[in-house]
Amino acid sequence: MLAGKRILLIIGGGIAAYKVLELIRLCRKAGAAVTPVMTPAAKEFVTPLSVAALAGETVHEALFDLTSEAEMGHIQLSRVSDLVVVAPATANLMARMAHGAADDLATTLLLATDTPVLIAPAMNVRMWEHPATQRNLAILKADGVAVAGPDEGDMACGEYGPGRMAEPGAILAAITAHLGPKPLSGKTVLVTSGPTHEPIDPVRYIANRSSGAQGTAIAAALAALGARVRFVTGPGEVPPPEGVEVIRVETAREMLDAVEAALPADAAVFAAAVADWRVANASGSKMKKDGTGRAPALDFAENPDILRSISQRKTGRPCLVVGFAAETDDVVAHATAKRERKGCDWILANDVSPATGIMGGSENAVTLITGNGAETWPRMGKTEVARRLAQRIADRLTD
Ligand code: C5P
């Protein structure tokens with residue numbers, strides 16, 4: 001399951017460190033190699049001898065260790081693994097990670113690493129619930145750190161609540177989700193995102209308020225499931241995610257060309273807010289006032305409908321084409337009709353009337369319309385909407 005994978009395991013100083021011995025055993029049984037690192041506090045709870053014996057490797061402990069530096073420097077050590085796992089991640093270790101401390105080997109490796117990081121927090125319930133820890137958790141999540149647990153239950157300190165480290169089996173499952181085969185491995189998915197800019201003259205353009213947040217989150221979620229993502233984006237505010245192929249465009253016509261060039265794909269998600277019209281008589285030089293007080297007349301031409309044209313392709317159509325419908329009333333009826341009209345397989349419809357705060361906000365309330373009808377999802381963050389959609393796409397492509 002994890003054959004050929006290497007885990008850099010950073011063991012923090014908490015009573016849950018004893019469970020890490022079992023985690024090492026499970027990781028090795030699954031085929032992974034484990035390079036252990038212990039903080040000075042961790043050695044108060046488990047011995048380096050037990051850790052080294054189970055890992056079958058030397059335990060790294062000190063930042064300024066001449067022998068280790070000669071054999072493998074700490075920067076190199078931070079890069080040798082496919083995943084860094086911090087277990088138990090104590091409140092102190094989380095705080096130092098969140099603030100970029102590098103005052104011992106563990107935090108230096110965490111700052112220097114370029115591989116994904118998974119933490120398994122473990123601490124007293126009050127420490128876990130403290131606003132400082134919750135702030136640090138939010139910072140770490142925003143930095144892309146994955147989190148396994150904590151669980152709720154009886155604690156070694158006699159209290160009850162969330163703070164117990166996740167069980168070794170659950171941590172192994174989280175590791176496998178990162179390192180094991182992914183459901184969209186080998187699949188290519190095209191995603192459009194952001195607004196388009198339609199020039200009026202070389203310095204002015206017509207645009208819309210799309211930030212690109214939902215399309216970006218979808219691209220990230222598909223990439224996290226192992227897809228090769230081609231991300232065709234207009235000039236949105238949100239930066240493109242890591243690990244996707246980014247193709248930047250400005251206008252709807254450039255977006256259509258880029259989408260056609262990016263095919264073939266197994267699936268395509270059209271999340272861009274494409275301008276329906278462009279200025280047909282855009283000026284090649286900056287338009288100036290002519291002193292008469294008359295505004296220039298702009299003529300408009302209809303832009304290509306990218307979703308429709310890809311959905312209705314006779315050859316090279318992706319197996320699954322997903323469109324969006326931003327509506328302000330009768331969301332399901334309009335979106336159902338749109339699905340028919342455009343010829344796409346699914347439509348993700350949302351109500352963008354100003355009262356919802358969805359346009360430009362961090363949440364979304366969507367209804368997924370498929371050939372089997374409409375399914376309304378509860379209001380949730382755009383990242384969660386993206387995760388759900390990506391999982392549905394994976395289920396459909398691997399049917
Ligand atoms: O027609 P309407 O703009 O409501 O449809 C929205 C859906 O169509 C979105 O998925 C959007 O990305 C796509 N679209 C497109 N090209 C256009 C207009 C919309 O791909 N010119």
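Residues numbered from 1 in each chain as written. Predicted model: local features only at pLDDT ≥ 70, side-chain atom pairs only at ≥ 80, totals over all residues. Heavy atoms only, no water.

## Points about the site of the ligand
Neighbouring the ligand are Phe-270, Ala-272, Val-274, Asp-276, Pro-304, Asp-305, Ile-306, Leu-307, Gly-323, Phe-324, Lys-338 and Lys-342. Residue Ala-272 places a main-chain N or O atom 2.6 Å away from an oxygen atom belonging to the ligand. One nitrogen or oxygen atom from the main chain of Phe-324 is found 2.7 Å from an oxygen atom belonging to the ligand. Summarising the interface, the protein chains cover 85% of the accessible area of the ligand, which totals 440 Å² for the free molecule. Put simply, the parts of the chain that give the shell around the ligand at least two residues each are α12 (306–311), β16 (320–327) and α13 (331–342). In the shell around the ligand, the residues fall into seven nonpolar, one polar and four charged. (Near = heavy atom within 4 Å. Polar contact = N/O pair within 3.5 Å; in protein donor to acceptor, adjacent residues only side chain to side chain. Areas by Shrake-Rupley, 256 points an atom, 1.4 Å probe, with all protein chains shown as cover. Helix = DSSP H or I, 4+ residues; strand = E, 2+ residues; numbered from the N terminus. Nonpolar A, V, L, I, M, F, W, Y, C, P; charged D, E, K, R; others polar.)

## Re the domain arrangement of the protein
Accessible area lost on assembly of the parts is the figure often given for the size of an interface. Split into domains, the protein comes out as domain 1 (6–179) and domain 2 (188–397). Placing a centre on the C-alpha atoms of domain 1 and another on those of domain 2 gives a separation of 40 Å. (Domains from an automatic or database assignment.)

## Re a negative patch on the surface
Judged by side-chain charge, Glu-250, Glu-254, Asp-257 and Glu-260 come together as a negatively charged surface patch. With respect to the secondary-structure elements, Glu-250 resides in the loop between β12 (245–248) and α11 (252–262). (Patch = residues over 30% accessible without salt bridge, like charges linked within 9 Å, V, L, I, M, F, W, Y side chains within 5 Å. Salt bridge = Lys/Arg side-chain N within 4 Å of Asp/Glu carboxyl O. Lys, Arg positive; Asp, Glu negative; His and termini not counted. Charge placed at Lys NZ, Arg CZ, Asp CG, Glu CD.)

## Some remarks on the sheet that holds strand β1 (residues 6–11)
Two modes of strand pairing occur in sheets, parallel and antiparallel, and in both the strands are linked by backbone hydrogen bonds. Taken in spatial order, the five strands of this open sheet run β2-β1-β3-β4-β5, and their pairing is parallel. The sheet terminates laterally at β2 (33–38) and β5 (146–147), the two strands that pair on one side only. The sheet contact formed by β1 and β2 spans six bridges and is parallel. Its bridge partner being in β2, Ile-11 is matched across the sheet by Met-38. Lying over the sheet, helix α1 (residues 17–29) contacts β1, β2 and β3 (83–89), oriented at roughly 175 degrees with respect to β1. Lying on the sheet, helix α9 (residues 168–179) is in contact with β1, β3, β4 (117–121) and β5; it crosses β3 at an angle near 160 degrees. (Pairing = 2+ DSSP bridges. Contact = heavy atoms within 4.5 Å. Axes fitted to C-alpha atoms, helices over the stretch in contact; angles between N-to-C directions.)

## Comments concerning the environment of Cys-157
Structurally, the position occupied by Cys-157 is in the loop between β6 (151–154) and β7 (160–164). You can call Cys-157 partly exposed: its relative accessible area is 47%. Here the alpha-carbon distance between Cys-157 and Leu-263, two residues 106 residues apart in the chain, equals 58 Å. (Buried < 20%, exposed > 50% of the residue type's maximum accessible area, 1.4 Å probe, protein only.)

## Concerning the pairing of strand β17 (residues 346–351)
The element β17 is largely enclosed, with a buried count of five among its six residues. As paired strands, β16 and β17 are joined by six bridges and run parallel to one another. Its bridge partner lying in β17, Val-322 is registered against Trp-346. Crossover β16 to β17 through α13 is right-handed. Strand direction decides the pairing type here: β17 and strand β19 (residues 366–370), joined by four bridges, are antiparallel. Of the residues in β19, the one forming a bridge with Asn-350 is Val-366. (Right-handed = clockwise from strand over helix to strand, strands pointing away.)

## Looking at unusual backbone geometry
For the bond running from Ala-87 to Pro-88, omega is -10 degrees, close enough to zero to count as cis. Note on placement: Pro-88 falls in strand β3. The linkage connecting Leu-263 with the following residue, Pro-264, adopts the cis geometry, with an omega of 5 degrees. Its place among the elements puts Pro-264 in the loop between α11 and β13 (267–270).

## Here we look at helix α5 (residues 91–98)
Across the eight residues that make up α5, a large majority, six, are buried. When α5 is considered as a whole, its buried residues turn out to be Ala-91, Leu-93, Met-94, Arg-96, Met-97 and Ala-98. Buried-residue contacts for α5 involve β3, α6 (105–112), β4, α7 (125–129) and α8 (131–142). Phi turns positive, to about 70 degrees, at Gly-100, one or two residues after α5.

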